[in-house]
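Spelled out, the chains give:
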Amino acid sequence: ILQRANLGLDPALATSAYASDARLIFDYPGMPETFQGHAAIRSSYVRTFGQVDPGTPIELTFRFKPPGLTSDRQAGVYRIDATAGGRSITLYGRFAVRLVKEQGAWRFAEDRGTPATAADYEQLPPAELGTK
């Protein structure tokens, strides 16, 4: 869902990946932020998607730490490729998520992002299964 939401710059679709009382945590130096619940998480995506050049998708790829997509807790590294201000940018981060079943679907209960490097990303194998 998050990959499709980023490609389409769709904050409503991105928010649908989260449980109603989920927490989205950006734990980056100088800008730690926590968003709790759908309204706050949606506003975070509106802000993020508003920072890229209109009509240019955000490409989001994941690499999972073993065991990958097999439990309610997952972790790994992500890569974001986007265009902002006419410049191509690539960003990396680590993610750690906890999933819950809500309304018959797996959704994020907590999604924490922290800094990572290209080397961190390259150390993990490419994801073979769906999306985060």
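Summarised in this report is the structure supplied together with it. Everything quoted here is computed from the prediction, not taken from an experiment.

1. Re the overall build of the chain
Thought 1: Each helix and strand in the chain was counted, giving four helices and six strands.
Thought 2: Against the compact-globule benchmark of 14 Å for 132 residues, the chain has a radius of gyration of 14 Å, which places it among compact chains.
Thought 3: Summarising its shape, the C-alpha atoms of the chain cover approximately 40 × 35 × 30 Å along the three principal directions.
Thought 4: The buried share of the chain, taken over its 132 residues, is 38%.
Thought 5: Approximately 7200 Å² of the chain is accessible, and the part contributed by carbon and sulfur atoms is 54%.
Thought 6: Of the charged side chains in the chain, 15 are positive and 14 negative; the average position of the first set lies 3 Å away from that of the second.

2. Brief notes about the pairing of strand E4 (residues 73–84)
Thought 1: Of the strand pairs in this sheet, strand E3 (residues 59–64) and E4 are connected by six bridges, and their pairing is antiparallel. The residue of E4 that forms the bridge with Phe-64 is Gly-76.
Thought 2: In this sheet, strand E5 (residues 87–102) lies alongside E4 in antiparallel orientation, the contact comprising twelve bridges. When the bridges of E5 are listed, Ala-84 appears paired with Arg-87.
Thought 3: The turn joining E4 and E5, which pair antiparallel and follow one another in sequence, is formed by two residues; a positive phi near 60° is taken by Gly-85.

3. A few points about the pattern of salt bridges
Thought 1: Summed over all chains, the structure comprises eight salt bridges.
Thought 2: For Arg-107, the salt bridge is made with Glu-102, and the minimal N-O distance between the two is 4.0 Å. Per residue, the accessibility class of Arg-107 equals that of Glu-102, and both read buried.
Thought 3: In this structure, a network of salt bridges that share partners links the residues Arg-23, Asp-27, Glu-110 and Arg-112.

4. Side note on the sheet that holds strand E6 (residues 105–115)
Thought 1: An order of E2-E1-E6-E5-E4-E3 is seen for the six strands of this open sheet, with the pairing classed as mixed. Each of the sheet's edge strands pairs with one partner strand only, and the pair in question is strand E2 (33–36) and E3. Looking at each pair of strands side by side, their axes are set apart by 20° on average, direction ignored.
Thought 2: Where helix H3 (residues 37–50) meets the sheet, its contacts fall on strand E1 (18–26) and E2, and the angle it forms with E1 comes to roughly 50°.

5. With respect to the packing of aromatic side chains
Thought 1: In this structure the tally under the stated criterion is nine aromatic pairs.
Thought 2: Ring centres of Phe-62 and Phe-95 lie 5.5 Å apart, and the angle between their planes is 85°; this geometry places the pair in the edge-to-face category. Here Phe-95 lies in strand E5 and Phe-62 lies in strand E3, a separation of 33 residues in the sequence.
Thought 3: Residue Phe-62 is classed as buried on the basis of its relative accessible area of 4%.
Thought 4: Within the aromatic cluster, the residues linked to one another by ring pairs are Tyr-18, Tyr-45, Phe-49 and Phe-108.

Conventions we followed
Per-chain numbering applies: the sequence of each chain, read as written, is numbered from 1 onward. Reporting of local features is limited, given that this is a predicted model, to residues whose pLDDT is at least 70; pairs of side-chain atoms are given and counted only at 80 or more, and all residues count toward the totals for whole chains, interfaces and linings. The basis for the side-chain values is all heavy atoms of the structure; hydrogens and waters are excluded. Put simply, DSSP H or I for four residues or longer makes a helix, DSSP E for two residues or longer makes a strand, and each gets a number counted from the N terminus. Computation of the radius of gyration draws on C-alpha atoms alone. For the globule rule, the value is 2.2 Å times the number of residues to the power 0.38. Exposure categories follow from relative accessible area, calculated using a 1.4 Å probe and restricted to protein chains: below 20% of the type maximum is buried, above 50% is exposed, and the middle band is partly exposed. Note on areas: these come from Shrake-Rupley sampling with a 1.4 Å probe, and a residue is covered only by the protein chains present in the view. Note that His is not counted, nor are the chain ends; the positive residues are Lys and Arg, and the negative ones are Asp and Glu. Note on charges: their place is set at NZ of Lys, CZ of Arg, CG of Asp or CD of Glu. When DSSP finds two or more bridges between a pair of strands, those strands are recorded as paired. Within this document, salt bridges are pairs made up of a side-chain nitrogen of Lys or Arg and a carboxyl oxygen of Asp or Glu, the two lying within 4 Å of each other. Note on geometry: axes are C-alpha line fits, over the in-contact stretch for helices, and angles between N-to-C directions span 0 to 180 degrees. For this analysis, residues touch if any pair of their heavy atoms sits within 4.5 Å. Here the aromatic set is Phe, Tyr and Trp, taking the six-membered ring for Trp, and pairing holds for ring centres within 6.5 Å; pairs whose planes are under 30 degrees apart are stacked, those over 60 apart are edge-to-face, and all others are tilted.

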